[in-house]
Amino acid sequence: MKQSLFETRHKAEWERFALTLERLERGKDTSQVAGFPKAYRRLCQHLALAQERGYSSFLIDSLQQQVLRGHQQLYRHRSRLGANLLSFILADFPRLVRAEWPFVLVASLLFFGSLIGVGVLVYVFPDLVYNLIPADQVREMQGMYDPVAGHLGRPAERAASEDWLMFGYYVMHNIGIAFQTFASGLLLGVGSAFFLFYNGMVIGAVAGHLSEIGFGQTFWSFVIAHGAFELSAIALAGAAGLELGWALIAPGRLTRSEALKRAARKSVLLVCGVTLFLLIAAFIEAYWSSKTSVTPLTKYLVGAGLWALVAVYLLFAGRTRHAPE
């Protein structure tokens with residue numbers, strides 16, 4: 001192909017790329033970042049063709065300059081994505097949790113209140129557990145946490161591939177519960193409130209029953225570490241659902257659809273943080289909680305440290321320090 005035909009065919013594309021480059025370099029328009037890598041690869045192909053066909057040095061130098069500038073912009077925006085993700089984890093998510101404290105407070109009271117309240121009631125009145133959980137499920141739980149049976153735990157010979165499978169199972173199971181708690185908030189928040197109370201009630205009933213029959217050490221040493229992230233995540237997923245429901249109940253001066261859109265932006269970000277918590281919880285449950293070679297005391301100490309870490313993270317991470325005047 002002659003150089004003149006090559007330039008005519010691709011000139012408009014090069015001009016669009018140059019215009020996009022200028023906008024990105026000024027930092028005033030990042031809306032085209034998503035399609036930029038594809039355009040950059042096309043320009044690299046054109047440069048390779050021009051060099052292979054021996055086109056004029058003026059054309060090759062021009063394309064080469066754009067490729068170099070494009071390379072800088074491509075990796076600058078990729079690094080921004082990583083920085084934004086790190087910023088979300090270290091600061092934006094805990095700040096959002098604190099900003100939405102009314103929903104977090106209500107969700108925590110529903111979930112942890114029912115968990116603790118029902119747990120105490122079942123411990124004091126043991127037969128109550130059979131009114132809350134089917135008898136066959138109660139027997140299944142007893143068999144799982146029976147210290148004599150030894151069904152619970154991670155055998156020393158278990159392969160790493162099995163740990164990975166358990167990690168995947170825990171992720172899917174926990175995310176399913178969290179998403180159910182979140183999405184049901186669209187039912188005017190009633191769905192989220194129900195699942196918060198129900199899940200708390202079931203967990204509390206199991207904890208109270210196992211503690212009452214003498215299986216408490218097996219149960220608590222297993223759940224205390226990953227529970228810091230898992231239980232917090234369920235409460236936060238419920239808070240995100242309650243926010244959706246409240247937008248439908250009390251949209252203020254906005255239309256319900258507009259209020260729901262605004263609430264969804266914050267709720268989805270909360271759920272992103274919830275997903276991170278659940279991934280951490282699943283990792284701890286698969287690789288640490290199931291270890292039988294670790295003493296219960298060590299597990300209690302590690303678990304207490306993780307609960308403190310979650311509390312400090314959500315309460316204080318992302319707070320800016322003001323310089324003295």
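Numbering of residues starts from 1 in every chain and runs along the sequence as written. Only residues with pLDDT of at least 70 get local features here, since the model is predicted, and only at 80 or more are side-chain atom pairs given and counted; chain-wide, interface and lining totals rely on the full set of residues. By convention in this description, side-chain values take in all heavy atoms of the structure and omit both hydrogens and water.

An unreviewed UniProt entry lists the protein chain under the name Stage II sporulation protein M, from Pseudomonas fluorescens.

(A) Quick peek at helix α1 (residues 3-26). Taking 1.5 Å per residue as the helical rise, α1 with its 24 residues ought to reach 34 Å, and the 32 Å between its terminal C-alpha atoms agrees with that figure. The sharpest bend along α1 measures roughly 50 degrees and falls at histidine 10. The buried label applies to any residue whose accessible area, calculated with a 1.4 Å probe on protein chains only, is under 20% of its type's maximum; exposed applies above 50%, and partly exposed to all values in between. Counting from the N terminus, the helices are DSSP H or I runs at least four residues long and the strands are E runs at least two residues long. Taken residue by residue, α1 has Phe6, His10, Trp14, Phe17, Thr20, Leu21 and Leu24 as its buried positions. Expected span of a helix, by definition, is 1.5 Å for each gap between consecutive residues, and there is one gap fewer than residues. Fitting axes to the seven residues ending at a residue and to the seven starting there, one defines the bend at that residue as the angle between these axes.

(B) Structural view of the nonpolar core. Ranked by size, the top nonpolar core spans 39 residues in total, and within it Phe93, Val97, Phe111, Phe229, Val274, Phe277 and Leu314 carry the most contacts. Excluding its chain neighbours within four sequence positions, the residues that come into contact with valine 97 are Val104, Leu236, Leu270 and Leu314. The next biggest cluster of nonpolar side chains, apart from the first, holds 16 residues, and it includes Phe17, Leu24, Tyr40 and Tyr55. Buried residues of nine kinds, namely Ala, Val, Leu, Ile, Met, Phe, Trp, Tyr and Cys, make up a nonpolar core once their side-chain atoms join them within 4.5 Å. Any pair of residues with heavy atoms lying within 4.5 Å of one another is described as a contacting pair.

(C) Inspection of a nonpolar patch on the surface at higher detail. Together, Ile116, Val120, Leu121, Tyr123, Val124 and Phe125 make up an exposed nonpolar region whose accessible area comes to about 600 Å². Residue placement: isoleucine 116 occurs in helix α4 (residues 101-124). For patch building, the residue pool is restricted to those with more than 30% relative accessible area and no salt bridge; the joining distance is 9 Å between like charges and 5 Å between nonpolar side chains (Val, Leu, Ile, Met, Phe, Trp, Tyr). In this description, accessible areas are obtained by the Shrake-Rupley approach with a 1.4 Å probe, and a residue is regarded as covered only by the protein chains that are shown. Within this document, salt bridges are pairs made up of a side-chain nitrogen of Lys or Arg and a carboxyl oxygen of Asp or Glu, the two lying within 4 Å of each other.

(D) View of the packing of helix α6 (residues 135-145) against helix α8 (residues 190-212). Here α6 crosses α8 at 55 degrees, and the two axes come no closer than 11 Å. Here α6 is positioned oblique relative to α8, judged by the angle of their axes. Note that α6 runs across α8; the crossing there is right-handed. Residues Val138, Met141, Gln142 and Tyr145 of α6 lie in contact with α8, whose contacting residues are Val206, His209 and Leu210. Polar here means any residue outside two lists: the nonpolar Ala, Val, Leu, Ile, Met, Phe, Trp, Tyr, Cys and Pro, and the charged Asp, Glu, Lys and Arg; Gly therefore counts as polar. Among the residues forming the contact of α6 with α8, the class breakdown is 5 nonpolar, 2 polar and no charged. Angles shown run from 0 to 180 degrees and are taken between the N-to-C directions of axes, each axis being a line fitted to C-alpha atoms and, for helices, limited to the stretch in contact. For classification, angles of less than 35 degrees are called roughly parallel, those exceeding 145 degrees roughly antiparallel, those between 65 and 115 degrees roughly perpendicular, and all remaining angles oblique. Handedness of a helix crossing follows the sense of rotation of the near helix relative to the far helix, less than a right angle counterclockwise being left-handed and clockwise being right-handed.

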